[in-house]
Amino acid sequence: MAKARPSKNRKKSAKAPAAKKAASRKLKIGLLGFGTVGRSVAKILAQDVASPLLLTHIFNRNIDRKKIDGLPAHIHWTSKVNEVLSSDVDVVVEVVGGLQPAGEWVRKALRSGKSVVTANKLLISEHGPELADLARKMGRRLEFGASVAGGIPAIIGIQDGLAGDRLYRISGILNGTCNFILTKMEGTGTTFEAALKEAQERGFAEANPADDVDGIDARAKLVILAQAGLRVRVRSEQILCRSISLISSVDFMYASELKCAIRQISVAQKDTAHGVRLSAAVQPALVPVASLVAHAQGNQNIVVATGEYAGRMIFAGYGAGGDPTAVAVISDLYSIARTAGAPPEALPGAAEVPDSVNGDFTVPHYLRFVVRDRPGIVAALAAILAKYGISIDALLQKPGFPHSALSFVMTLEACDGAMLNRALAEIAPLDFHVEPPLCLPIFDD
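Residues numbered from 1 in each chain as written. Predicted model: local features only at pLDDT ≥ 70, side-chain atom pairs only at ≥ 80, totals over all residues. Heavy atoms only, no water.

Draft legend 1. Representation of the sheet that holds strand β4 (residues 91-94) within the structure. Judged by pairing direction, the sheet is parallel, and its six strands sit side by side in the order β3-β2-β1-β4-β5-β6 without closing on themselves. In this open sheet, the two strands that pair with only one neighbour each are β3 (76-78) and β6 (142-143). Looking at chain direction, strand β2 (residues 53-59) and β3 are connected through three bridges and run parallel. Counterpart to Phe 59 in the pairing with β3 is Thr 78. Contacts from helix α12 (residues 322-338) reach β1 (27-32), β2, β4, β5 (115-118) and β6, with the element oriented near 160° to β5. (Pairing = 2+ DSSP bridges. Helix = DSSP H or I, 4+ residues; strand = E, 2+ residues; numbered from the N terminus. Contact = heavy atoms within 4.5 Å. Axes fitted to C-alpha atoms, helices over the stretch in contact; angles between N-to-C directions.)

Printed below as a string of structure tokens:
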């Protein structure tokens, strides 16, 4: 009698339940921090019961005072961070902020085999490459889309949507506080001090606004974008920063004459013609009114990514706040869920260290002078500029200023920033200045 052969169909049906179980397993999420962003992350995760994400742990100091109703009963609330780091969660979400202890917690999470999603721009700007290397070594993911421009999908769009391009320039408006101040001055003619006060009253600016108005906040974000989009490692202190506090209402008058707006512009541009060189700066600048950047109002953010093949891609919106930032966090979690089985070699490669970093761009410039009027001033300025091969494009002088503090503007043809700085170093000590000259680049973005 012939022996009965096992049914192939029976074999397949025996494996089906296990495959189905693996496919239906949700990614377990541990949340570090339950402030404004943390609460929004928890709320979104709890509302979408069909998602592949399951919030299982929430950590915060004094957690009993932070607990809220409406979240699933299975969530473990704790004031001991190690209860999250030693648990079976797959991904740790860090929304505590600051370098420490958040940095050590992120390192512990990665070393214990967990992926990490963070909204911590300071941590990523200072230690992003190191943490990315650790994540790669452990075969885990480090995602930080929420660290720049909140809910605007700039990082994920650049890393995933533009992965096939070779990006060489990242620019835009990365600080909503500065954009609010400058557009308020532009729209109403008010002073910097008055616009700043309103920004503080409306919650757009801190009591100490230095990080915003001096460009420190935007610089940290530019470091992150350079790492994510240009694949270069740069330190914050290598990037030129200039404050918007020296901008006055008269500058908006002259900018309007030039069909330009004034915005705080962050730019990082990579040049690989001779090694790897990076030009990067955060500073107030003139931009033509025809540019989309010039139309960013209030506390809007704009990120412009330029590549060799796709050209310019623009990401824009209102980036700050609990819900928009939480959306970016959730998007990073979904990215990890979609690629949970990706081998370490499939993760993005390490960024390279540029051979040089400077804040010089060869672009037209705007020079505003306030002087004690006397014959020969323009000739003296033109002589120094000519000495460094810099050509004057136009001279503008509005009427109505006193001779003791006469304001006028020169626009310069495109010139090297380093050469212009040398010329300005000779111009600054001249005895007719009432206040230091103001120099702003004119960008075509």
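Resuming the write-up.
Draft legend 2. Geometry of the sheet that holds strand β14 (residues 363-371). Read across the sheet, four strands follow the order β15-β16-β14-β17 without closing on themselves; strand pairing throughout is antiparallel. Lying at the two open borders of the sheet, with one neighbouring strand each, are β15 (392-396) and β17 (433-441). On average, each strand axis in the sheet is tilted by 15° relative to the strand beside it, whichever way the strands run. Where β14 and strand β16 (residues 406-415) come together, eight bridges link them in antiparallel fashion. Looking across to β16, one finds that Leu 367 is bridged to Met 410. Helix α13 (residues 377-387) contacts β14, β15 and β16 of the sheet and is inclined by roughly 20° relative to β16. Here helix α14 (residues 417-427) sits on the sheet and contacts β14, β16 and β17; the angle it forms with β17, its principal contact strand, is near 175°.

Draft legend 3. Highlighting helix α7 (residues 176-188). Helix length check: α7, at 13 residues, gives a terminal C-alpha distance of 18 Å against a target of 18 Å (1.5 Å per residue), a fit within 8%. The elements touched by buried residues of α7 are β7 (167-173), α8 (192-201), α9 (210-213), α11 (249-257), β9 (260-271) and β11 (301-307). One side-chain oxygen of the residue at the start of α7 lies 3.2 Å from the amide nitrogen of Thr 177, identifying that residue as Asn 175. A positive backbone phi angle near 75° is found at Gly 189, which sits one or two residues after α7. (Expected span 1.5 Å × (residues − 1). Polar contact = N/O pair within 3.5 Å; in protein donor to acceptor, adjacent residues only side chain to side chain.)

Draft legend 4. Structural detail: the nonpolar core. Residues Leu 32, Leu 142, Ile 158, Ile 170, Leu 225 and Val 303 are the most contacted members of the largest nonpolar core, which totals 49 residues. It is helix α10 (residues 216-230) that contributes the most residues to this core, eight residues altogether. Excluding residues within four positions of it along the chain, Leu 142 makes contact with Val 116, Thr 118, Ile 124, Gly 128, Leu 131, Ala 132 and Ala 135. (Core = buried A, V, L, I, M, F, W, Y, C linked by side-chain atoms within 4.5 Å. Buried < 20%, exposed > 50% of the residue type's maximum accessible area, 1.4 Å probe, protein only.)

Draft legend 5. Highlighting helix α4 (residues 102-111). Within α4, seven of the ten residues are buried, leaving the element largely enclosed by the surrounding structure. All of the buried residues along α4 are Ala 102, Gly 103, Trp 105, Val 106, Arg 107, Ala 109 and Leu 110. Downstream of α4 by one or two residues, Gly 113 has phi in the positive range, about 85°.

Draft legend 6. Representation of the pattern of salt bridges within the structure. With the rule as written, the count across this model stands at 21 salt bridges. Across the salt bridge formed by Lys 43 and Asp 323, the nearest N and O atoms sit 3.1 Å from each other. Of this pair, Lys 43 sits in helix α2 (residues 36-47) while Asp 323 sits in helix α12, and the two are 280 residues apart along the sequence. Overall, Asp 323 belongs to the partly exposed group, its relative accessible area being 38%. With a shortest N-O distance of 2.9 Å, Asp 217 and Lys 221 are connected by a salt bridge. Placement of the pair is Asp 217 and Lys 221 together in helix α10, with a separation of four residues, close to one helical turn. (Salt bridge = Lys/Arg side-chain N within 4 Å of Asp/Glu carboxyl O.)

Draft legend 7. Seen up close, the confidence of the model for the protein. Here the protein shows a mean pLDDT of 89. Residues at 70 or above account for 91%. Note on residues 1-23: pLDDT is under 50 here. Beyond four places in sequence and across chains, it has zero contacts. (pLDDT = per-residue confidence, 0-100.)

Draft legend 8. Layout of the packing of α13 against α14. Interaxial distance between α13 and α14 falls to 9 Å at its minimum, and their mutual angle equals 145°. With respect to the hand of their crossing, α13 and α14 are arranged in right-handed fashion. Residue-level inspection shows Leu 381, Ile 384, Leu 385 and Lys 387 of α13 in contact with α14, the latter providing Leu 420, Ala 423, Glu 426 and Ile 427. The residue makeup of the contact of α13 with α14, split by class, is six nonpolar, no polar and two charged. (Left-handed = near helix turned anticlockwise from the far one by under 90°. Nonpolar A, V, L, I, M, F, W, Y, C, P; charged D, E, K, R; others polar.)

Draft legend 9. Broad picture of the packing of α4 against helix α5 (residues 121-138). At a minimum axis distance of 10 Å, the contact between α4 and α5 shows a crossing angle of 10°. Taken together, the axes of α4 and α5 lie roughly parallel to each other. Crossing geometry of α4 relative to α5 is assigned as right-handed. Along the contact surface, α4 presents Ala 102, Gly 103, Val 106, Arg 107, Leu 110 and Arg 111, while α5 presents Leu 123, His 127, Glu 130, Leu 131, Leu 134, Ala 135 and Met 138. In the contact of α4 with α5, the residues fall into eight nonpolar, two polar and three charged. (Parallel < 35°, antiparallel > 145°, perpendicular 65-115°, else oblique.)

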